[in-house]
Structures are given as structure tokens and as C-alpha cells.
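# Working through the structure, step by step
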Amino acid sequence: MAAAALLRRIPAARAPPTVFVAARSISDSTAALTIETSVPFTSHLVDPPSRDVTTTPAELVTFFRDMSLMRRMEIAADSLYKAKLIRGFCHLYDGQEAVAVGMEAAITRSDSIITAYRDHCIYLARGGDLVSAFSELMGREAGCSRGKGGSMHFYKKDANFYGGHGIVGAQVPLGCGLAFAQKYKKEDTATFALYGDGAANQGQLFEALNISALWKLPAILVCENNHYGMGTAEWRAAKSPAYYKRGDYVPGLKVDGMDVLAVKQACKFAKDHAVANGPIVLEMDTYRYHGHSMSDPGSTYRTRDEISGVRQERDPIERVRKLLLTRDLATAAELKDMEKEIRKQVDDAIAKAKESSMPDTSELFTNVYKKGFGVESFGPDRKELRASLP
Amino acid sequence: MAYIDESGRAETMLGQVLRRLRPAAAAEVARGYSAAAKEMTVRDALNSALDEEMSADPSVFLMGEEVGEYQGAYKISKGLLDKYGPDRVLDTPITEAGFTGIGVGAAYHGLRPIIEFMTFNFSMQAIDHIINSAAKSNYMSAGQISVPIVFRGPNGAAAGVGAQHSQCYAAWYAHVPGLKVLTPYSSEDTRGLLKAAIRDPDPVIFLENELLYGESFPVSAEVLDSSFCLPIGKAKIEREGKDVTITAFSKMVGYALQAAEILSKEGISAEVINLRSIRPLDRAAINASVRKTNRLVTVEEGFPQHGIGAEICMSVVEESFEYLDAPVERIAGADVPMPYAANLERMAVPQVDDIVRAAKRACYRAVPMAAAA
């Protein structure tokens, strides 16, 4: 019988359930489950962690939910951008959700995360809410940066999420600085500084990594290698696209970034390593379905076959869906219902965000300084518009 | 207001007291060499300010090239490594972009870094972090991420160091909202402003001058106290006058005071303003002075185009136009990269006679331009 054959592949810890589908609800069990990652880890100057990842059914369901929420948010942002409700730059993360979610599962909110401009989903992973995210994208005062930052400048200081940076590569030395402070304050926490394959060639990254290695800072440099730096494929930009080895004297690990469990395992391993020994590089082999930003169709430098191929073979959400279904932790219908509920959540959040007003005009002059001493600041016509900075 | 003696130096408090009680003793003190009055070099002012602030707040640390074991490229941080240890006085590799970014990141997470640039010429390698990572963060995050960091080091011309090592960055940094830019002249300025900078919750650019490091200035007991602090954004009237206002900052304050002395012998009473703060600029003090004197000479060491004097002139045109009896005069460094040969270098940097000449021009220009044509 096919069902029995399927059930035999489940680890011995779980007895096969009797067949009655309708009354059972989606699993919230916290019983330990061990699942193998898609591929083994490749390592540089360090022994890689095991391929066997410990998780629970509840955690897998959470992974599915969180990644689906992120996916929906990014797709909705695409529509809002085309409707001209989001202006300027908008860099979408759909396809890369497993990195954000897997990382979060391995660490605590006392650890720090810093990334570049593809930051919406990291914000969500750190506890940010949809209304604040959409409001910020639309430049409203309910936004997480009160409309002053925009898509590239989401922050959540109380969850140790430090943005949200527009200058490629700058976030890496900043992240090493966060790690410096963590060590200085003896926190036993670590910083994950995310950057792309494009940023991986930045000089300041190597400067910061050198200092981090010398001073043994708890810095984890996470290269989200989606294989394209804007329109430039990795082989055209990097003489050595083995980003996990680019740390040279710094150990590295190459991870299937579309496998949320592999990401979780690697991040846990990296955090322990960094707190004890200093910096480590993680290369997440991932993919973005959208172009670099909303101004880039993403299909002039990649084939549609490549994009749909990844979607079919490696989509992070589909991988977890398969896990949940084959291990009987949820039914297809339950997952579909969850996705419907998520869609509604996102739609509701957008509606709420649309209701939020634009920032008050006085906000032009707020937060220039933390302490302004009443100094004067000016608008374009200073005889018409000037303010005293608090 | 401070009493200014013949040498152009501000009188100490002790001197003021003595002047009232014992005029003879006051004259001695006024020369600034009396055993009773304390003098301090700018170098010691910097060192003591760093020491006191590091002692008062464990989150303050110093990072830069040669600040530790070498005792500082210019010996500014002498003794600090021994006193505070290698966790708080950090020698960096020669990688400004990297260590400046690290400093800013540390400030994001609640520390109070002091980043030393061996000279501000090297800050250009790190300028993205100063401006995009530090200056703008509080605004972009709507107040979530504040950056209590100080970037300090020598700025402007030294002596014979050539084009790549002589630029003044006051105008560049003062251009940017979100930064504060301070330019001490005397030891009192240096102590008060550096302490204020370290305590300030925003990114501060602290522009020192290598040629001032060895100069001594009188310091009162108040200045020597560890709680001494000067307000940011307030200029100081170094010398009161009524005929022409001369604004200057850093080393040029000394030149302006010398010029004022020469001018006074020719019957021109010059008011010398030590700007102390380029951003925020004390427009109120500048305008108040110009409204009194009706004439203005701006002095700066840096390149003239789009410089500090241009901003000061515009401020006065905007707020005190009717008070001007003559066009604003501007003295600045020559509009060329700094040459090496001593005679050319001398021509490239403002000298006291340049300031005197400009002040005289401002004073004899009583006739409107149209009438002169």
C-alpha cells in the first residue's frame, strides 16, 4: 500500500496514525523530529555541522506560515509599486525567505541582524508587523520609520535589527561594529551581517573581516548568494565565486539557502562558533524570483526557464509544504486554508496602512539630531520655511 | 566678557581678580607667564579631556591608527593605553573604511566610540560611513538609531606635507545635516568642546590642527575641572571691537587676533569671533556683531569655493543686509592643491597681512560701488 510505504519513511519516534483525516487539526506537536538537509554542508577551515537537523512539527508549521507571510507581503508590494503607491526603490525578497526564517529560528532577539536594502522580510522575521511595513513602503506615519526611511530603511532597534542600508557593502563593517559592542559589553551574543554576492567583492568587507578576525569579534558574515548582483551574474563579478572561502583565513560554510532547516542548522553552528572563536562566513545559496528591484524585470540577464526551474525544484515554501504533507503533519487543505488566511492578513494590513496619513509636515525637521539645541534648520526658501530643531 | 591684554590673549579669571585688587600683579598675570596662572598645551588639553571622559563613562573608547602602543601619532593619546587597557584603546590596521564602519556599528549598539583619523585627509576613505551610516541614521530611522560617535584628528594644513595631506574638511562636513562640526582654537576650546562632543548623542566631527598641538594657552580652574564643558553651536568673541568683524576658526583665530592687534595700531578696532562650531553655525553671534560693526571679513584656511566664508556671507546678506556698509571680504586658502616649496606654501595659506589688508578694504569701502564707477 502506498500510504504504508510513505509512513515507513517517517522516523521511528512517530507511530503511523490511523486513517481519519477530517477531525485532526494541523500539528502543533513539539516532539523532536530529525530531518536531513537537502545537501551536506561544504566547509572551509572548519568541520561542518551535521546534516541532521532537529526540529518539531510545530516549528515546521511556523516555518511554513512565516515564509508564506513573507512571500505574500512581497508579492503584494509588487502590486502596490505598480499602482504607484510605493515610490522610489523597492527590492523584493521572494525566493529568499528561508534565510530570514531559518536564521531567526537559530538565534534570539538579543542577537543582532543587519542587512542591506532587501530588508522587508528580515524586519518581519525580527518581529516587525505588516501594517508598519506597508505603511513605511507607502511613506505613511504609521510606518516603522514613520515614513522617513522608505523601503531600504526599515529598523527595529528593540529587536536588535539595525536596518536597512542603501550603500552596498556598508552594512558589513557596521555589523562587525555591532559585534564589537556585543563583545565589549560581554553579552555572549552575535551579529549576523547579511550581504549579497555583489557586495562580497567590496573592499570594506575585507577590512572589517580582518579586524574582526584579529579582535575575535562574534561576527557572522552571511552572503545571500542569489547569483546576480543587479544584472551582473556572479561569474562576471567575482574571480572566485566561492564566497564561503573568500574569508581566506576565516572559516566558512556553504549552505543550501532554500532549505530552511539547513539555514537554521548553519546559523546555530555559526553563532556558537562566533561567540567562542570569532568571525565565520556563511554562504547561503539562494535565489530571488524578482529582478534586482521593481525597475528591473529580472529577465534580461536570466532565462525564464532558470527562474521557473528554481521555483519548481527549490522553492523554500514548497519544500516545507512537502515535508508537512509527507510526514502527515498537515493536510493540503489545511495548508491552503492557512495561505488563504495569510492573504487576508496581508490584504487587511494593506487596507489599514492605506488609512494611515502621510507624516505631518513638521516631521521634515524632526530627528535630524537627537539633541538639536534649538538650532535652526531651513526649507528651500528659508524665509518661508524654517524650524527650530529640538 | 574677557579682558584682552596686549598680547591678544584672553585674561584668566585670576588675572581679572588681581586687576581689581592689585594692578601691578595683574599686569604680570596678564602676560600669561605668571606662576600663579596655569597654562596648558592643546595636546594636553586633548589628552586630559579624553582621559576624563573615558574615566567617567565606561562605554567611551578610542580607536584609530597608532593610538595605543605608539601613544598616538601626535602623542595625543599618550598614557591612555596603560590606563584603560587594550579593550578601550584600540590600535587599528590602516583601513579607514573598515574601522570607521566598525565604530559606527558600535555606536548603533550603545557604545560611545571616538574614532581618530591620523589626519582628516584619510577620512575621505571612510566618508560614506560618516555621512550615510552615521549622520543620516537618526533621521532615516525616525529616532530609533542614534549615533553617539566622535570623529577627531588634525585637519587642514600642517607644514610642508604637500597636497594630499593638507586639505581642510570643515566645509565638506558642515554641509551635511545630521553632523555637528567643531573647530577648537585654544586649550579651553579644546577641552570644553571635546568633552561636549564625547557627551553629545549625535555624530560630531572634531577638527583639530596639528600646528596648534604644541601651543600653550592659559586655562582657569574652571576649565581644568573635569566637569567643564562648552556649549555646542556657540561662538566666542575673542576680542571685542567696533569697526569690523573678523570671523575665524582653528589656527586662523590666532592670525585674526594678530591682525586685530596690527589694525588697532592703525585706528581700526576689529572684533574677532572664534567660531568654535561650524555646524551648528552661531549665526546669531555673527549677525549681532555685524550689526554692530557693519563690516565683515571671513577667514578660513581651506579652499575658497563653497567654503565657510561663503555661508557666513550669505547668512549676513539674508539677515543683516541693511547693516552692511561694505561688501563682505573673504580670506581663504589659495584655490590650488597645496604646493610643497616653502615659498609657494606660504602663498597658499592665509597670512596675517592678508587679513589686515581685507579688513582695511572693508573699512575704506564707505562709498557705494555705483558712485565709484
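I will try to describe carefully the structure that is included in this document. Nothing here was measured: the structure is a model prediction, and the numbers come from that model. (Residues numbered from 1 in each chain as written. Chains lettered and ligands numbered in written order. Predicted model: local features only at pLDDT ≥ 70, side-chain atom pairs only at ≥ 80, totals over all residues. Heavy atoms only, no water.)

Using the criterion set out here, one finds 16 aromatic pairs over all chains in the structure. A centroid spacing of 4.8 Å and a plane angle of 40 degrees characterise the contact between Phe180 of chain A and Phe61 of chain B, whose relative ring orientation is tilted. Separated into two different chains, Phe180 of chain A in helix H6 (residues 171-184) and Phe61 of chain B in strand S2 (residues 60-64) make up a pair that spans both. Across this residue pair, the class does not change: Phe180 of chain A and Phe61 of chain B are buried. Summarising the aromatic geometry, the rings of Phe120 of chain B and Tyr173 of chain B are spaced 6.0 Å apart at their centres and angled 65 degrees between planes, so their arrangement reads as edge-to-face. Of this pair, Phe120 of chain B sits in the loop between strand S4 (112-116) and helix H6 (127-135) while Tyr173 of chain B sits in helix H8 (residues 170-174), and the two are 53 residues apart along the sequence. Assessed through its relative accessible area of 0%, Tyr173 of chain B is described here as buried. (Phe/Tyr/Trp six-rings, centres within 6.5 Å; stacked < 30°, edge-to-face > 60°. Helix = DSSP H or I, 4+ residues; strand = E, 2+ residues; numbered from the N terminus. Buried < 20%, exposed > 50% of the residue type's maximum accessible area, 1.4 Å probe, protein only.)

Among the surface-exposed residues, Met314, Val317 and Phe321 of chain B lie close enough to one another that they form a single nonpolar patch of about 280 Å² accessible area. Along the chain, Phe321 of chain B falls in the loop between helix H13 (308-320) and strand S14 (329-331). (Patch = residues over 30% accessible without salt bridge, like charges linked within 9 Å, V, L, I, M, F, W, Y side chains within 5 Å. Areas by Shrake-Rupley, 256 points an atom, 1.4 Å probe, with all protein chains shown as cover. Salt bridge = Lys/Arg side-chain N within 4 Å of Asp/Glu carboxyl O.)

Here the focus is the layout of surface pockets. What the largest pocket holds in volume is close to 1,200 Å³. Forming the walls of the largest pocket are 48 residues, and the residues nearest its centre are Ala174, His175, Arg279, Arg283 and Glu311 of chain B. Secondary-structure elements contributing two or more residues to the lining of the largest pocket are strand S11 (376-378) of chain A together with helix H7 (137-140), H8, strand S12 (277-279), helix H12 (283-293) and H13 of chain B. The leading source of residues in the lining of the largest pocket is H13 of chain B, at five residues. Here the lining of the largest pocket is composed, by residue class, of 26 nonpolar, eleven polar and eleven charged. Built from parts of two domains, the lining of the largest pocket gets at least three residues from each of domain 1 (39-224) and domain 2 (236-363) of chain B. (1 Å grid on protein atoms, 1.4 Å probe; cavity = no way out; pocket = protein on both sides within 12 Å on 5 of 7 lines; lining within 4 Å. Points joined across faces, edges and corners; volume = space filled by probe spheres on them. Nonpolar A, V, L, I, M, F, W, Y, C, P; charged D, E, K, R; others polar. Domains from an automatic or database assignment.)

Residues and elements named next belong to chain A. Strand order in the open sheet made by the six strands is S2-S9-S10-S6-S5-S4, with mixed pairing throughout. Pairing within the sheet leaves two strands with one partner each, and these edge strands are strand S2 (42-44) and strand S4 (112-114). Strand-to-strand twist of the sheet, defined as the mean angle between neighbouring strand axes without regard to direction, takes the value 20 degrees. As judged from the five bridges shared by strand S9 (residues 252-256) and strand S10 (residues 280-285), these two strands associate in the parallel manner. Within the sheet, the bridge partner assigned to Asp256 lies in S10 and is Asp285. H6 contacts S4, strand S5 (191-196) and strand S6 (219-225) of the sheet and is inclined by roughly 175 degrees relative to S5. (Pairing = 2+ DSSP bridges. Axes fitted to C-alpha atoms, helices over the stretch in contact; angles between N-to-C directions. Contact = heavy atoms within 4.5 Å.)

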